[in-house]
Amino acid sequence: MNAVVATSVFAVFMVAAVALGLLALRGRGKGGGLAEWSVGGRSLGPVFIWVLMAGEGYTSFSYLGAAGWGYNYGAPVLYVVAYMSCGYAIGYVVGPMLWAYARRHGLVGITDMVAHRFGRPWLGAVVAVLATVFLLPYIQLQITGMGVVLSVISYGAVSLNWAYFVAFAVTTGFVVVSGLRGSAWVSVLKDVLVIATLGFLALYVPLHYFDGYGPFLDRLVTEKSDWLTLPGHGGGGSGGSGLGELWFISTTFLNSLTVVIFPTTVAGYLGARNADALRRNAMYLPAYNVLLFVPMLLGLAALFVVPGLAGAESNLALFKLVVDSLPAWAVGVIGVAAGLSSIVPMAVFMLVIGTMWGRSVLSLVPRLAERQKSAAQVVVVVAGGLALLLTYTAPNTLVRLSLISYEGMAQLLPMVLLALVWRRLTFRGAFSGLIVGVAVVCVLVFSGNDPLGGVNAGLVALAANLAVALAVTFAGPRDADPRPDAEVLAGDPVGEEGDPLAVTRAPRSASDHRV
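Each value, and the rule that gives it
- Residues numbered from 1 in each chain as written.
- Predicted model: local features only at pLDDT ≥ 70, side-chain atom pairs only at ≥ 80, totals over all residues.
- Heavy atoms only, no water.
- Helix = DSSP H or I, 4+ residues; strand = E, 2+ residues; numbered from the N terminus.
- Buried < 20%, exposed > 50% of the residue type's maximum accessible area, 1.4 Å probe, protein only.
- Contact = heavy atoms within 4.5 Å.
- Salt bridge = Lys/Arg side-chain N within 4 Å of Asp/Glu carboxyl O.
- Expected span 1.5 Å × (residues − 1).
- Polar contact = N/O pair within 3.5 Å; in protein donor to acceptor, adjacent residues only side chain to side chain.
- Core = buried A, V, L, I, M, F, W, Y, C linked by side-chain atoms within 4.5 Å.
- pLDDT = per-residue confidence, 0-100.
- Axes fitted to C-alpha atoms, helices over the stretch in contact; angles between N-to-C directions.
- Parallel < 35°, antiparallel > 145°, perpendicular 65-115°, else oblique.
- Nonpolar A, V, L, I, M, F, W, Y, C, P; charged D, E, K, R; others polar.
- Arc of directions from axis to C-beta.

**Describing the overall build of the chain**
Summing up its helical and strand segments, the chain has 21 helices and 0 strands in all. By the burial criterion, 57% of the 515 residues in the chain qualify as buried. The contacts of the chain with a sequence gap of at least 6 include a subset with a gap of at least 24, amounting to 83%.

In structure tokens, the structure reads:
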């Protein structure tokens, strides 16, 4: 009976979420073209942009992975709060620049920007392939997260394998039909549920299991002090986790830079109606990170209530508490919040992959050039299927999957960001650096040398990437690009509302300054 009640609540909310996504398309004909589907027609206001970008930041990883790492290691998981807050500060400057650059040239993603900046359409296709490789683990992360949630709230009635398939099927169907606008609408429902459920659990769990925060924290300090300092539990010695101060600083630094050019973050930027919406977002989004402390704290509480969880099973720490102590209907509601925390970011990740391929890869095929949206929708299904296959064949813990995605995507920083503010960076330099960076990160990650000497492997690879890019740039000839700086570089449109070129273009003559 508990399984029936919890899964019924879950199913009703999932149907409501899909209906809400479809409602978002009302009055828009057949959904418009690629720009409408992928970046919401560049017309989303501050509220929708806020919940969409908060939705990307608060995923099933936050519900499960943060609690799991809190359970396994403790303090090192705080890197999530650190890098997201720093990333929002960087995004205050970078977001409006990318928004103005894309709007000025009619671009819909980072692959478009790279292709336009270096004047080579095929380069956009190469970046699309690389970005897809590094995004698939994040989609796998969301499929794993939602599958775990569905299996647990069904009290084991739904196997993990079937739960993974349901996660894939629901999200793929949702994103193909509704696009970015539908994801933004569903983010509103998700945020309401996330805030309500985590606020409740933050009060309920310490009171129910420990008679309050005082006894809980006292017991934590007395019995589990290793979890409260870096490098966390099991972090010391030659065989430790390596998650010490150097790892924390290097990972925070790398991820805070990477998150601003992450394809899904850029999709949120480009969906905005104006640049000021992005600036306000950057100021208010760090407040949302306060919620991340709740699953981390609950992961520590689970050490006393459900001890002995190991490996990927530690991702169940939070939901073990929920299922153990709450009625089935409440389990279902909390499961919905966690499930939507998978659907919204997974939808945006799949949407971005489809857009990159539809715009930068398949558009190079003459027969598909006029059908970019339909081609992108087919790619969404294929990408989701590949991530599902990886979920079955190469499972991993949620935090590990998140780190691999960021370490790989960081190698695009010089080509995507540095190139848009520094004209001197040549194509040969940027491309050579990218090859070296990707090679180094793959070798370090798959040889088990991450972190390397306590430093995040992605940052080591990025340093090699930058060194090669600068060396090749200064040693080689300049690119023969006749376009003016205003055509290839990005600027911050300060004070701009309607005209994205208001401050980024130079006046044509002295008469332009007349009142």
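**Let's talk about the pattern of salt bridges**
Enumeration according to the criterion identifies 6 salt bridges in this entry. Between Lys190 and Asp191 there is a salt bridge whose closest N-O contact spans 3.2 Å. Judged by its relative accessible area of 0%, Lys190 is buried.

**Notes on helix α15 (residues 328-361)**
Counted at 1.5 Å a residue, the expected span for α15 with its 34 residues is 50 Å, and the 47 Å between its end C-alpha atoms agrees. Counting buried residues in α15 gives 30 out of 34 residues, a clear majority hidden from the surface.

**Details of the environment of Asn449**
With respect to the helices and strands, the residue Asn449 is situated in the loop between α19 (427-446) and α20 (457-475). Look past the residues within four positions of Asn449 in its chain and what remains in contact with it is Leu444 and Ala457. Separated by 2.8 Å, the side chains of Asn449 and Ser447 make a polar contact.

**Looking at the nonpolar core**
Judged by nonpolar contacts, the single largest core of 149 residues is most densely connected at Tyr63, Met113, Ile139, Ile143, Phe319 and Leu412. Among the elements that take part in this core, α15 stands out by supplying 20 residues, more than any other.

**Comments concerning the confidence of the model for the chain**
Residues of the chain with pLDDT of at least 70 account for 84%, and the chain-wide mean is 82. Looking over the chain, one finds the lowest element-wise mean pLDDT in helix α2 (residues 34-39), namely 53, and the highest in α20, namely 96. Note on residues 497-515: pLDDT is under 50 here. Beyond four places in sequence and across chains, it has 19 contacts.

**Points about the packing of helix α5 (residues 79-105) against helix α12 (residues 275-288)**
In contact at an axis separation of 9 Å, α5 and α12 are set at 175 degrees when each is read in the N-to-C sense. The orientation of α5 with respect to α12, classified from their angle, is roughly antiparallel. Across the interface between the two elements, Ser85, Tyr88, Gly91, Tyr92, Gly95, Pro96 and Trp99 of α5 pack against Ala275, Leu278, Arg279, Ala282, Met283, Leu285 and Pro286 of α12. For the contact of α5 with α12, the per-class residue count stands at 10 nonpolar, 3 polar and 1 charged.

**Describing α19**
With 20 residues, α19 extends 28 Å between its outermost C-alpha atoms, agreeing within 8% with the 28 Å of an ideal straight helix rising 1.5 Å per residue. Restricting attention to buried positions, one finds in α19 the residues Phe427, Gly429, Ala430, Gly433, Leu434, Gly437, Val438, Val441, Leu444 and Val445. The buried residues of α19 occupy an angular sector of 155 degrees when projected down its axis, which confines them to one face. For α19, exposure combined with an orientation more than 90 degrees from the buried face picks out Val443 and Phe446. Downstream of α19 by a residue or two, Gly448 has a phi angle that is positive, lying close to 80 degrees.

**A few points about the side chain of Thr473**
Take Thr473: it is sitting in helix α20. Of the residues examined, Thr473 reaches a relative accessible area of 0% and is grouped as buried. For Thr473, the side chain forms a polar contact with the main-chain oxygen of Ala469, separated by 2.7 Å. Excluding anything up to four places from it in sequence, Thr473 contacts Trp422, Arg424, Leu425, Thr426 and Gly429.

**What to know about the packing of helix α1 (residues 2-23) against helix α7 (residues 121-153)**
Across the interface, α1 lies against α7 with an axial gap of 8 Å and an inter-helix angle of 140 degrees. Classed by the angle they form, the pair α1 and α7 counts as oblique. Of the residues in α7, those touching α1 at Ala6, Phe10 and Met14 are Met146, Val149, Leu150 and Ile153. Looking at side-chain class alone, the contact of α1 with α7 contains 7 nonpolar, no polar and no charged residues.

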